[in-house]
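Listed below, chain by chain, are the residues.
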Amino acid sequence: MTKNNRCFITEWTSGQKQMELLLYLDAHDHPIEIHPYDTSSPSLIGNIYVARVDRVMPQIHAAFLKADDLTFFYPMEDTAMENIIFTGKNGKKDALVEGDELLVQVIRDAIKSKEICVSTNLSFSSAHLLLTTGNRLHGISKKISGERRKQIQSGFLDRVADENLGIVVRTNAMECDEDLLYAEYRMLQDSVSDLLSRAKHLVAGSLLSVPGQRHPFFEHIDRFQREGLTEIVTDDPVWYDRLKETDTEGIPVRLYADPAYSLKQLYGIEQMLTQALAQKVYLSSGGYLVIEPTEALTVIDVNSGNNTKKKKKDDYYLSNNMEAAKEIARQVRLRNISGIIVVDFINLKNKEQKDALTTYMKSLLKEDYVKANVVDFTRLDLMEITRAKKYQSLQQALSYCTQ
């Protein structure tokens, strides 16, 4: 079913900082996600470096690497030793040791006190394909099924059988001509060969540029296309040209140009940002949420507010909590909250209702693009939720951009 969601891209100035904003809105123009991008300090995600092993930490099965003034965290279970690409080996081949030099790719920017996270499974992407050096499996997006899946498997994948690289056919390839797929594959294969050839002659700390590296916004746009995106709107001519040159799977791209009334004014973008960081979130029933991020976890308190007409009835409590659960799932995604989330719902003494609330919250979290789980209710009747850390929270990202 079409959701009629829209995506906006616009520039935003706060203090001395210039940034770009990607906003994903539902059919009622309520924000689902907001992603700021600091143009003065761009993301490192996707960059490939020659890094030197600084410390090996066997107790946590990880290592810290250096590339000039950058420190990387490398989880060693990431890729099998035989698939790591070394440019200089300082010890025996079956173990990572201090002084080894190897190729790594940034998969997560630094978040708070956490270092930049890297992988030795290098990836090279195009509009329809993804090639990897570490994970050498061949696969097709789960979104492609039926006869089309069989055609890609028996045609393209059998044609390009490559034991040295992993190949993933992306969702965008649903309607793609096989000759175009093969041309993209050859282009990516040449990029890999060129990069590996250059890496042999570079010292630790060197940055290897990746031809055709995409702006981080495109990763989100690709995902939005699978979630009901029907239009992309921007007031930036540079972004408009960039989008028109990109395969947007038939989704129209519109340049907003009204000198009398800006895109930010028309959709109240400043108010959206303010509300997305507000401590208190009001519910239509009269209740409200209080969202308190801390260093260790995020606490969300559900309050019934001034509505006391049916306050003694269990069905009222359940209704209020169900409404709160839906808004909590939206706020967690909107604010990009990660780690441990503790929710203090209005007390439910009925086990059946508590189970119903748990089941409902689990169903809501399944719609999140980041893995999120309901752990259980604690002894104090607090719901504990965990959500994977993929990007900075919206609060961190905006506060960093405005410093």
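My aim in this report is to walk through the structure given alongside it, one point at a time. A quick note: this is a predicted structure, and the numbers were derived from the prediction, not measured. By convention here, each chain's residues receive numbers from 1 onward along its written sequence. Where totals are concerned, whole chains, interfaces and linings use all residues; where local detail is concerned, this predicted model gives features only for residues with pLDDT of at least 70, and gives and counts side-chain atom pairs only at 80 or more. Values shown for side chains rest on all heavy atoms present in the structure; no hydrogens or waters enter the calculation.

Moving on to the environment of R387. With respect to the element layout, R387 can be found in strand β22 (residues 383-387). Counting along the chain gives 51 residues from R387 to N336, while the straight-line C-alpha distance between them is 9.1 Å. With sequence-adjacent residues up to four places away left out, R387 is seen in contact with V332, R333, N336, I337, S338, G339, I341, D368, Y369, V370, K371 and A372. In protein, a polar contact requires one atom able to donate a hydrogen and another able to accept it; more generally it is a pair of N or O atoms within 3.5 Å, and residues adjacent in sequence count only if both atoms are side-chain atoms. A distance of 2.9 Å separates a polar side-chain atom of R387 from the backbone oxygen of I337. Of the polar contacts made by the side chain of R387, one reaches the side chain of D368; its length is 2.8 Å. Helix and strand assignments come from DSSP, with helices taken as H or I runs of at least 4 residues and strands as E runs of at least 2, each series counted from the N terminus. By definition, residues are in contact when any of their heavy atoms lie within 4.5 Å.

Before going further, it helps to examine the pattern of salt bridges. For this document, the term salt bridge refers to a Lys or Arg side-chain nitrogen within 4 Å of an Asp or Glu carboxyl oxygen. Taken as a whole and judged by the stated rule, the model has 19 salt bridges. R170 is the salt-bridge partner of D222, the closest N and O atoms lying 2.6 Å from each other. Placement of the pair is D222 in helix α3 (residues 217-225) and R170 in the loop between β13 (166-169) and α2 (178-199), with a sequence separation of 52 residues. With respect to class, D222 is no different from R170; both count as buried. One network of salt bridges, in which partners are shared, links R6, D29, E231 and R254. Exposure classes here rest on a 1.4 Å probe applied to the protein chains alone. A residue is buried below 20% of its type maximum, exposed above 50%, and partly exposed in between.

We note that D29 has phi near 65°; this positive angle belongs to a residue other than glycine. Here D29 lies in the loop between β2 (17-25) and β3 (31-38). For D29, a relative accessible area of 25% puts it in the partly exposed group. One non-glycine residue with positive phi stands out, namely D68, at about 55°. Take D68: it is sitting in the loop between β5 (62-67) and β6 (70-75).

Inspection of the sheet shows strand β4 (residues 48-57) paired to strand β8 (residues 101-108) by five bridges, in the antiparallel sense. Bridge pairing in β8 places R52 opposite E101. Across two bridges, β4 lies against strand β14 (residues 207-208) in antiparallel orientation. Of the residues in β14, the one forming a bridge with I48 is L208. Any two strands between which DSSP finds at least two bridges are classified as paired. Two strands pair when backbone bridges link them, and β4 and β5 are joined in this way by five bridges, in the antiparallel orientation.

A few words now on the environment of H30. Looking at the secondary structure, you find H30 in the loop between β2 and β3. For H30, a relative accessible area of 43% corresponds to the partly exposed category. For the pair H30 and Y267, spaced 237 residues apart in sequence, the C-alpha to C-alpha distance is 9.7 Å. Each residue touching H30, except ones within four places of it in the same chain, is listed here: Y24, L25 and R330.

Let us now look at the sheet that holds strand β12 (residues 138-140). The four strands are arranged β10-β11-β13-β12 in an open sheet whose pairing can be described as mixed. In the strand order of this sheet, the two ends are held by β10 (123-125) and β12, each with one partner. Strand-to-strand, the axes of this sheet are offset by a mean angle of 15°, without reference to chain direction. Lines fitted to the C-alpha atoms define the axes, with helices restricted to the stretch that makes contact. Angles between their N-to-C directions range from 0 to 180 degrees. Most of the contacts of helix α1 (residues 146-159) go to β12, to which it runs at about 150°, and overall it touches β11 (129-132), β12 and β13. Here α2 sits on the sheet in contact with β10, β11 and β13, set at roughly 30° to β11.

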